[in-house]
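# Structural description and commentary
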There are 2 protein chains.
Amino acid sequence: MKKNYVAGVDIGGQTAKIGIVDRKGNILARKVISTKYKEADKFITLLSDAIKELTVDIGLDNLNGIGVGAPDGNYYTGDIVEPTNLMWAKGKTIHFANELSKKLSGMRVIVTNDANAAAIGEMKYGAAKGMKDFIVITLGTGVGSGIVVDGRLVNGHDGHAGELGHTCAVKNGRECPCGQKGCLETYCSATGVARTAVEMLEKTNTPSLLRKVKDITSKDVFDAAEKGDKLAIKIFEYTGKIMGEKFADFIPFTAPEAIILFGGLTHARKYFMEQLVDSMNENVVFLWKGKVKVLVSALNESDAAILGASALAW
Amino acid sequence: MKKNYVAGVDIGGQTAKIGIVDRKGNILARKVISTKYKEADKFITLLSDAIKELTVDIGLDNLNGIGVGAPDGNYYTGDIVEPTNLMWAKGKTIHFANELSKKLSGMRVIVTNDANAAAIGEMKYGAAKGMKDFIVITLGTGVGSGIVVDGRLVNGHDGHAGELGHTCAVKNGRECPCGQKGCLETYCSATGVARTAVEMLEKTNTPSLLRKVKDITSKDVFDAAEKGDKLAIKIFEYTGKIMGEKFADFIPFTAPEAIILFGGLTHARKYFMEQLVDSMNENVVFLWKGKVKVLVSALNESDAAILGASALAW
């Protein structure tokens with residue numbers, strides 16, 4: 001049988017989503033497995049088994065290759081390097097492409113970080129279709145980014161380019177798990193929103209539904225906002241303001257046509273988008289005031305990452 | 001005669017430097033003309049005359065093309081767009097490539113911004129030889145930047161990419177001629193150094209040779225530092241610290257192998273380099289601590305810009 005299919009794998013802190021994809025970007029079969037294992041080898045074995053099963057299920061003998069998007073995945077080396085959200089790789093370098101390939105009779109495996117995979121997905125099939133210069137910002141547990149310049153993904157000298165979640169949003173600001181202070185990620189990720197909630201509840205006496213919630217998550221803040229809770233809405237507005245200030249600093253770098261938001265937090269966009277765009281345009285140098293679009297991913301979230309990862313494998 | 005020569009033109013606030021360059025990067029003839037004219041047409045006429053003269057002087061019939069590096073030069077359109085330091089273009093868009101070409105019988109003219117020209121010069125002939133990912137920061141009257149990703153200059157969606165001088169170094173900081181506050185340029189350019197001097201003299205009682213100087217320039221600060229003036233040295237150290245903090249924010253974007261400093265202020269590097277590197281490594285996320293080189297241009301300053309501009313024309 002002709003090899004006209006690849007697998008796209010999107011690895012996250014909770015689950016890995018696997019899809020078998022054809023050249024047109026149709027996902028023919030899917031499977032989700034947990035990533036919550038302590039041993040890398042255990043996870044890689046289960047992943048390779050799942051890929052084999054899916055391949056057989058849809059009557060294929062073989063695949064053209066496998067593309068993987070993973071936190072701190074490195075395109076040049078195929079390694080996953082010290083991610084904070086994957087138990088089996090925490091503080092370690094996992095030779096992921098190599099190990100997975102071994103378990104699949106030497107099949108070609110290409111790795112990149114999850115935000116880069118999302119950027120490729122958006123470019124080929126989503127909101128960035130037809131664009132040559134754009135930035136995808138992933139707003140999930142952390143903040144990641146995939147940068148495209150002149151139609152090509154920016155990998156950088158060492159393959160780690162696009163760590164915009166770890167640029168400084170607030171000088172001497174919140175402690176980040178990365179060891180620095182004030183990283184964008186500590187304000188504008190799901191966990192950042194939760195931290196803002198805790199801070200605002202402590203610092204003000206504003207009545208809020210959130211005062212009754214233990215261990216506040218960004219979902220709690222969203223639910224409260226949906227019920228008209230003013231403090232919850234203020235939390236998102238603050239998040240948008242910080243994002244906009246930082247986007248104003250990103251734009252002069254690569255002069256993107258658009259910045260595309262991706263990930264769980266975009267569900268709350270109606271509560272932060274206006275503040276984001278206003279503060280971006282207020283803070284950016286005159287050349288780009290009112291000129292850079294802020295869009296939201298046009299793809300189903302897990303699809304974009306699967307499709308982006310799969311595109312690596314062609 | 002075979003057309004194996006191009007002209008490289010480096011346009012600055014005071015002068016334009018013109019060179020006739022062969023394929024190996026040898027500058028065969030040079031000329032410097034003033035840029036201090038009020039009418040764009042006047043300057044462009046004098047420039048085209050100078051290029052014609054140089055061509056005849058070295059016995060050539062014609063050139064292969066002309067590459068121009070200019071403040072706010074746009075690679076895509078060939079325009080010079082609202083530069084702050086060129087009298088004949090202030091607040092205007094000059095169709096520079098078009099106009100110059102007209103005066104030279106339709107010869108091909110390629111324009112880019114001066115920092116981009118410097119980056120190309122460094123890549124082909126200077127400190128970035130052999131590198132594929134680096135950033136050139138020009139420290140002159142202003143702060144400019146040329147960004148190279150995977151061996152290619154980043155122009156961005158609109159041709160204006162690389163305005164890192166107008167990213168925010170200090171929130172609500174110094175007023176910048178661009179209209180924003182706290183731009184890197186207001187701290188780390190020659191004028192920024194002079195502003196720091198004025199501020200430090202006002203805020204402290206530290207004795208300093210600079211207290212006797214009227215209308216302090218960065219050259220005065222350098223001269224004082226050379227005489228061991230402690231305040232002058234402190235001014236450069238502060239400049240280095242701010243630069244390092246901001247470089248720490250640039251690195252996660254394109255993961256460069258090196259950041260290369262270029263321009264007049266690099267003469268004072270012994271007074272700010274240590275602080276720059278320390279603050280860069282202190283503030284950058286762990287992936288790049290101690291890993292990104294900070295180099296100084298290996299080319300004669302005017303040569304790099306002429307050579308870089310000329311390289312556009314091949």
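Small disclaimer: the values here were computed from a predicted structure and weren't measured. (Residues numbered from 1 in each chain as written. Chains lettered and ligands numbered in written order. Predicted model: local features only at pLDDT ≥ 70, side-chain atom pairs only at ≥ 80, totals over all residues. Heavy atoms only, no water.)

## A look at the packing of aromatic side chains
Stated precisely, the cut-off is as follows: Within 6.5 Å between ring centres, the rings of Phe, Tyr and Trp (the latter by its six-membered ring) count as paired, and their orientation is classed by plane angle as stacked under 30 degrees, edge-to-face over 60, tilted in between. For the purposes of this entry, the term helix denotes a DSSP run of H or I that reaches at least four residues, the term strand denotes a run of E that reaches at least two, and both are numbered from the N terminus. Think of it in three bands: with a 1.4 Å probe and only protein chains considered, a residue is buried below 20% of the maximum accessible area for its type, exposed above 50%, and partly exposed in between.
Taken as a whole, this structure holds 17 aromatic pairs over all chains when the rule is applied. Look at Phe 222 of chain A and Tyr 271 of chain A: their rings are 6.2 Å apart centre to centre, the planes differ by 70 degrees, and that puts the pair in the edge-to-face class. Of this pair, Phe 222 of chain A sits in helix 6 (residues 218-226) while Tyr 271 of chain A sits in helix 8 (residues 269-283); the two residues are 49 residues apart in sequence, bridging distant segments of the chain. Ring centres 5.9 Å apart and planes at 70 degrees place the aromatic pair Phe 250 of chain A and Phe 253 of chain B in the edge-to-face group. Here Phe 250 of chain A, found in helix 7 (residues 230-254), pairs with Phe 253 of chain B, found in helix 7 (residues 230-254), and the two come from separate chains. The residues Phe 250 of chain A and Phe 253 of chain B share a single accessibility class, namely buried. In textbook terms, an aromatic cluster arises when at least three aromatic residues are bridged by ring pairs, as seen for Phe 247, Phe 250 and Phe 253 of chain A together with Phe 247, Phe 250 and Phe 253 of chain B.

## As for the relation of the copies chain A and chain B
The two chain copies are related to each other by a rotation about an axis together with a translation along it. As a reminder, the rule being used: The copies are overlaid by a least-squares fit using only the C-alpha atoms of residues whose pLDDT is at least 70 in both copies. Note on contacts: a residue pair is in contact if any heavy atoms of the two residues lie within 4.5 Å.
Between chain A and chain B, the superposition needs a rotation of 180 degrees and an axial shift of 0.0 Å, giving an RMSD of 0.0 Å. One copy is carried onto the other by what is essentially a two-fold rotation axis. Mapped onto chain B, 100% of the interface residues of chain A are again interface residues, and the two copies thus contact each other with one and the same surface.

## Thoughts on unusual backbone geometry
Its identity is not glycine, yet Asp 150 of chain A carries a phi of approximately 50 degrees, on the positive side. With respect to the secondary-structure elements, Asp 150 of chain A resides in the loop between strand 9 (143-149) and strand 10 (152-153). Residue class for Asp 150 of chain A comes out partly exposed when judged on its relative accessible area of 31%. Not every positive phi belongs to a glycine, and Ala 255 of chain B is a case in point at roughly 45 degrees. Structurally, Ala 255 of chain B can be placed in the loop between helix 7 and strand 11 (258-262).

## Quick look at the pairing of strand 3 (residues 27-34) of chain A
Residues and elements named next belong to chain A. The cut-off we apply is this: At least two bridges found by DSSP between two strands are what make those strands a pair.
Alignment of strand 2 (residues 15-22) against strand 3, held across 7 bridges, turns out to be antiparallel. In the sheet register, Thr 15 faces strand 3, and the bridge partner there is Ser 34. Where strand 2 folds back on strand 3, the antiparallel hairpin that results is connected by 4 residues, among which Gly 25 adopts a positive phi of roughly 90 degrees.

## Concerning the sheet that holds strand 2 of chain A
All names here are of chain A. Quick reminder of the rule: For helices, the fitted axis covers only the stretch in contact; all axes are lines through C-alpha atoms, and the angles between them, taken along N-to-C directions, range from 0 to 180 degrees.
An order of 3-2-1-4-7 is seen for the 5 strands of this open sheet, with the pairing classed as mixed. Every interior strand has two partners, whereas the edge strands, strand 3 and strand 7 (109-113), have only one. Strand-to-strand twist across the sheet, computed as the mean angle between neighbouring axes with direction ignored, equals 15 degrees. In the packing of helix 2 (residues 96-103) onto the sheet, the strands contacted are strand 1 (5-11), strand 4 (66-70) and strand 7, and the crossing angle to strand 7 comes to about 150 degrees.

## Notes on the sheet that holds strand 4 (residues 66-70) of chain B
In any sheet, the strands associate via hydrogen bonds between backbone groups, in a parallel or an antiparallel arrangement. Residues and elements named next belong to chain B. Read across the open sheet, the 5 strands follow the order 3-2-1-4-7; overall the sheet is mixed. The strands lining the two open edges of the sheet, one partner per strand, are strand 3 (27-34) and strand 7 (109-113). Taking each pair of neighbouring strands and ignoring which way they run, the sheet shows an average axis angle of 15 degrees. Relative to strand 7, strand 4 is paired through 5 bridges, and the arrangement is parallel. Bridge pairing links Gly 67 to Ile 110 in strand 7. Contacts from helix 2 (residues 96-103) reach strand 1 (5-11), strand 4 and strand 7, with the element oriented near 150 degrees to strand 7.

## Focus on the packing of helix 5 (residues 190-203) of chain A against helix 7 of chain A
Residue and element names in this part refer to chain A. Counted only if it meets this: Throughout this description, any angle smaller than 35 degrees is read as roughly parallel, any larger than 145 degrees as roughly antiparallel, any in the 65 to 115 degree range as roughly perpendicular, and the remainder as oblique. Here a crossing is taken to be left-handed if its near helix is turned anticlockwise relative to the far helix by less than a right angle, and right-handed if that turn runs clockwise. Here the nonpolar group is Ala, Val, Leu, Ile, Met, Phe, Trp, Tyr, Cys and Pro; Asp, Glu, Lys and Arg are the charged ones; every other residue, Gly included, is treated as polar.
For the pair helix 5 and helix 7, interaxial distance at closest approach is 10 Å and the crossing angle is 125 degrees. Between helix 5 and helix 7, the crossing angle belongs to the class labelled oblique. Viewed along their axes, helix 5 and helix 7 form a crossing whose handedness is right-handed. Across the interface between the two elements, Val 193, Thr 196, Ala 197, Met 200 and Leu 201 of helix 5 pack against Leu 231, Lys 234, Ile 235, Phe 236, Tyr 238 and Thr 239 of helix 7. Of the residues contributing to the contact of helix 5 with helix 7, the split by class is 8 nonpolar, 2 polar and 1 charged.

## Quick look at the interface of chain A and chain B
Short version of the rule: By buried area we mean the combined loss of accessible area, with a 1.4 Å probe, across both parts when two parts are placed together. What makes a salt bridge here is a side-chain nitrogen of Lys or Arg within 4 Å of a carboxyl oxygen of Asp or Glu, nothing more. Side-chain atoms alone can form a polar contact between residues adjacent in sequence; in general such a contact is a pair of N or O atoms within 3.5 Å, and within protein one must be able to donate a hydrogen while the other accepts it.
Each partner contributes to the interface: chain A provides 41 residues, whereas chain B provides 41 residues. Surface buried jointly by chain A and chain B totals about 3500 Å² across both partners, of which 58% is contributed by carbon and sulfur atoms. Of all residues in chain A, His 157, Gln 180 and Phe 253 of chain A give up the largest surface area on contact with chain B, accounting jointly for 21% of the area buried on that side. Counting across the interface, chain A meets chain B through 6 salt bridges. Seen at the junction of chain A and chain B, the total is 24 residue pairs in polar contact (both at pLDDT 80 or more). Counting residues per element, the side of chain A that touches chain B draws most heavily on helix 7 of chain A, at 7 residues.

## A word on the nonpolar core
Put simply, the rule reads: Here, the term nonpolar core denotes a set of buried Ala, Val, Leu, Ile, Met, Phe, Trp, Tyr and Cys residues that are joined through side-chain atoms within 4.5 Å.
If you look at the biggest cluster of nonpolar residues, it comprises 108 residues, and the most contacted ones within it are Ile 137 of chain A together with Ile 137 of chain B. Ile 137 of chain A has contacts with Val 143, Gly 144, Ser 145, Leu 164, Phe 247, Phe 250, Ile 259, Ile 260, Leu 261 and Phe 262 of chain A, leaving out every residue within four places of it along the chain.

## Description of the pattern of salt bridges
What the rule picks out here adds up to 30 salt bridges over all chains. Put simply, Glu 199 of chain A and Lys 203 of chain A hold a salt bridge, and the shortest N to O gap is 3.9 Å. Placement of the pair is Glu 199 of chain A and Lys 203 of chain A together in helix 5, with a separation of 4 residues, close to one helical turn. The class for Lys 203 of chain A is exposed, based on a relative accessible area of 70%. Residues Glu 53 of chain B and Lys 31 of chain B are paired through a salt bridge, measuring 2.8 Å at the closest nitrogen-oxygen approach. Remark: Lys 31 of chain B occurs in strand 3 and Glu 53 of chain B occurs in helix 1 (residues 40-57); sequence separation between them is 22 residues. Owing to a relative accessible area of 40%, Glu 53 of chain B belongs among the partly exposed residues under this scheme. Taking relative accessible area as the criterion, Lys 31 of chain B reaches 29% and is therefore assigned partly exposed. Several salt bridges converge on common partners, so that one network encompasses Lys 246 and Asp 249 of chain A together with Lys 246 and Asp 249 of chain B.

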